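# Examining the three-dimensional arrangement
Residues per chain are reported as follows:
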Number of protein chains: 2
Amino acid sequence: MHYLSQKDAAALDQDLFNEYKFSVDQLMELAGLSVAAAVAKTFPPSTHNSALIICGPGNNGGDGLVAARHMTLFGYNVSVHYPKRTPKPLYENLLHQCEQFGVHILEKLPQPNELQNNYKVLVDALFGFSFKPPVREELKPALDALIEGGLPVCSVDIPSGWDVEKGPISEKSLKPALLISLSAPKQCAKREFIDTAKHFLGGRFLPPGIITKYNLKLPEYPNQDQIVEIC
Amino acid sequence: MHYLSQKDAAALDQDLFNEYKFSVDQLMELAGLSVAAAVAKTFPPSTHNSALIICGPGNNGGDGLVAARHMTLFGYNVSVHYPKRTPKPLYENLLHQCEQFGVHILEKLPQPNELQNNYKVLVDALFGFSFKPPVREELKPALDALIEGGLPVCSVDIPSGWDVEKGPISEKSLKPALLISLSAPKQCAKREFIDTAKHFLGGRFLPPGIITKYNLKLPEYPNQDQIVEIC
């Protein structure tokens, strides 16, 4: 497996938009769908019917909004906390779609006891591969809820707060139960960092030219699945 | 099962864009993905490795371009014939993506003997639910190739050339081996019209408000699948 540096992850992303002419709408839809599929595979709605998704202001948060919608279609009762909203039409539309699908939009972050009483699983769509510390003051409560919530956390692409290359930055860093790497794993997804977490790859949309250019060695997706487990 | 009239199919489509604020990019990506999944389920790449997709000038053709890309990811050798191209950025980008994924873009329609020698399955993405006869002169050869190709045909949403409500218009009409209804089946998808064809529903993206408004009774999708077989 080849693990991407932060710089290469950003360059690969730009290539998809500039050279391959993908729209953000297209790839975010496929990425969010794969996140929802990996969560449902690991924490099925039959046992973990109520999910809270915490969305950040960037593309990682957008993936979370798409995942929220697909998770309602998969049978979850879904809530979203989206404290710092992105003033772009795509994000406004994704949020509108969530509302229309019956996703509960929580203005206030639930208290710790509410978290444990009301949810079975958390989805961490707070920060992605562009993250550089420190965490902004206004997003600290959201990160703390993920770390201290006492619930299994499913991280989208990067466990929030982690160094994208060096992994957890302290003993208090988030410990996800599931990591869904998107398009290709970043360096912090190495087994030595993610420990016992389940690890899936999603975002099945890379063209062969990208796989060659970045020297990726990706596992084969089974059949028509949008996710593949990485052991 | 409730089967949509042509008018309701168009109104439902407009609702998705106007009321639910979906972009064409989003829904076409999910629709095309489900087409690719249904083709692969019915005619797997292990036995039907070479596919020709015939794309029309509208959204049906766009679904075909998306399906072409996903089918390469599923292991098919894919060719596309797209005789009347849509001069819109989304369609130009979808075609560009196909090229970058190694899809062969055929300027000329293969001759009947070439069809049988070079392909195992055809995908009919020529006309969708907006179709009204007669077939334009310039697209007749493409429709004839689907009808007379001697290969199994997978029709996207509507078997091309059919009346959207009344089904086949003559004994010479296309006889698809597989129909993939998108979002909800249209009236021509009734079993009495599609005869022995396999029938799948795809386009798993309808909000609950649409299901109520159009009185849809859709089959349940299994787990996280993007398609469901309709018996």
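Numbering of residues begins from 1 in every chain and follows the order in which that chain's sequence is written. In the order they appear in the text, chains get letters beginning with A and ligands get numbers beginning with 1. In keeping with the model being predicted, local features are shown solely for residues with a pLDDT of at least 70 and side-chain atom pairs are shown and tallied solely at 80 or more, while totals for entire chains, interfaces and linings include all residues. To obtain the side-chain values, all non-hydrogen atoms of the structure were used and water was disregarded.

As recorded in an unreviewed UniProt entry, chain A goes by the name NAD(P)H-hydrate epimerase, listed as coming from Papilio machaon. UniProt positions are given in the numbering used here, feature names are shortened, and annotations may be inferred rather than shown by experiment. In UniProt, chain A has this text filed under Sequence similarities (unreviewed entry): "Belongs to the NnrE/AIBP family." The record in UniProt for chain A states the following under Function (unreviewed entry): "Catalyzes the epimerization of the S- and R-forms of NAD(P)HX, a damaged form of NAD(P)H that is a result of enzymatic or heat-dependent hydration. This is a prerequisite for the S-specific NAD(P)H-hydrate dehydratase to allow the repair of both epimers of NAD(P)HX."

### Notes on the sheet that holds strand E2 (residues 77-81) of chain A
All names here are of chain A. Taken together, the eight strands give an open sheet; going across it, the order is E3-E2-E1-E4-E5-E6-E7-E8, and neighbouring strands pair in mixed fashion. In this open sheet, the two strands that pair with only one neighbour each are strand E3 (104-106) and strand E8 (228-229). Taken together, the two bridges between strand E7 (residues 198-202) and E8 define a ladder with antiparallel strand orientation. Across the sheet, the residue bridging to Phe200 is Glu229, located in E8. Paired strands are those between which DSSP finds at least two bridges. In this description a helix means any DSSP run of H or I spanning at least four residues, a strand means any run of E spanning at least two, and both kinds are numbered starting from the N terminus.

### Re the confidence of the model for chain A
Confidence scores here are pLDDT values: one per residue, from the predictor, ranging 0 to 100. When pLDDT is averaged along chain A, the result is 97; 100% of the residues meet or exceed 70. At the level of chain-chain contacts, confidence expressed as ipTM amounts to 0.97, with global pTM at 0.98.

### Some details on the sheet that holds strand E8 (residues 228-229) of chain B
Picture the strands of a sheet paired through backbone hydrogen bonds; they go either parallel or antiparallel. Residue and element names in this part refer to chain B. The eight strands are arranged E3-E2-E1-E4-E5-E6-E7-E8 in an open sheet whose pairing can be described as mixed. If you trace the sheet from one side to the other, it starts and ends with strand E3 (104-106) and E8, each paired once. Of the pairings in the sheet, the one linking strand E6 (residues 178-182) to strand E7 (residues 198-202) comprises five bridges and is parallel in character. Within E7, the position partnered with Leu179 by the bridge is His199. Residue contacts follow a heavy-atom distance rule, with two residues in contact if any of their heavy atoms lie within 4.5 Å. Simply put, an axis is a line fit to the C-alpha atoms, just over the touching stretch for a helix, and the angle between two N-to-C directions goes from 0 to 180 degrees. Each of strand E4 (121-125), strand E5 (153-156), E6 and E7 is contacted by helix H2 (residues 24-42), which is oriented at about 155° to E6, the strand it contacts most.

### Examining the relation of the copies chain A and chain B
Least-squares fitting of one copy onto the other uses the C-alpha atoms of those residues that reach a pLDDT of at least 70 in both copies. For the match of chain A to chain B, the screw axis carries a shift of 0.0 Å, the RMSD comes to 0.0 Å, and the turn is 180°. A rotation of that kind, with that shift, is consistent with a two-fold axis. Residue Gln26(A) of chain A places its C-alpha closer to the rotation axis than any other residue of that unit, at 2.7 Å. Interface overlap between copies: 100% of the residues of chain A at the interface are likewise at the interface in chain B, consistent with a symmetric, same-surface contact.

### Some remarks on the UniProt feature "binding site: K(+)" (unreviewed entry) in chain A
Residues and elements named next belong to chain A. The UniProt feature table records "binding site: K(+)" (unreviewed entry) at Asn60, Asp124 and Ser160. In summary, the annotated positions, though distributed over 101 residues, converge in three dimensions, the widest C-alpha pair being only 9.9 Å. Tracing the chain through its elements places Asp124 in strand E4 (residues 121-125). Once residues lying within four places of it in the same chain are set aside, the contact partners of Asp124 are Ile54, Asn60, Leu146, Val153, Cys154, Ser155, Val156, Ile158, Pro159, Ser160 and Leu174. In protein, a polar contact means a hydrogen-donor-capable atom and an acceptor-capable atom, both N or O and within 3.5 Å, with residues adjacent in sequence counting only if both atoms are side-chain atoms; elsewhere, any N or O pair within 3.5 Å suffices. Among the polar contacts listed, one links the side chain of Asp124 to the side chain of Ser155, at a separation of 2.7 Å. With respect to the element layout, Ser160 can be found in the loop between strand E5 (153-156) and strand E6 (178-182). Only protein chains enter the accessibility calculation, which uses a 1.4 Å probe. A residue is then buried if its area is under 20% of the maximum for its type, exposed if over 50%, and partly exposed in between. Taking the relative accessible area as the measure of exposure, Ser160 reaches 2% and is therefore buried. Those residues in contact with Ser160, other than ones at most four positions away along the chain, are Asp124, Leu126, Phe127, Leu143, Ser155 and Leu174.

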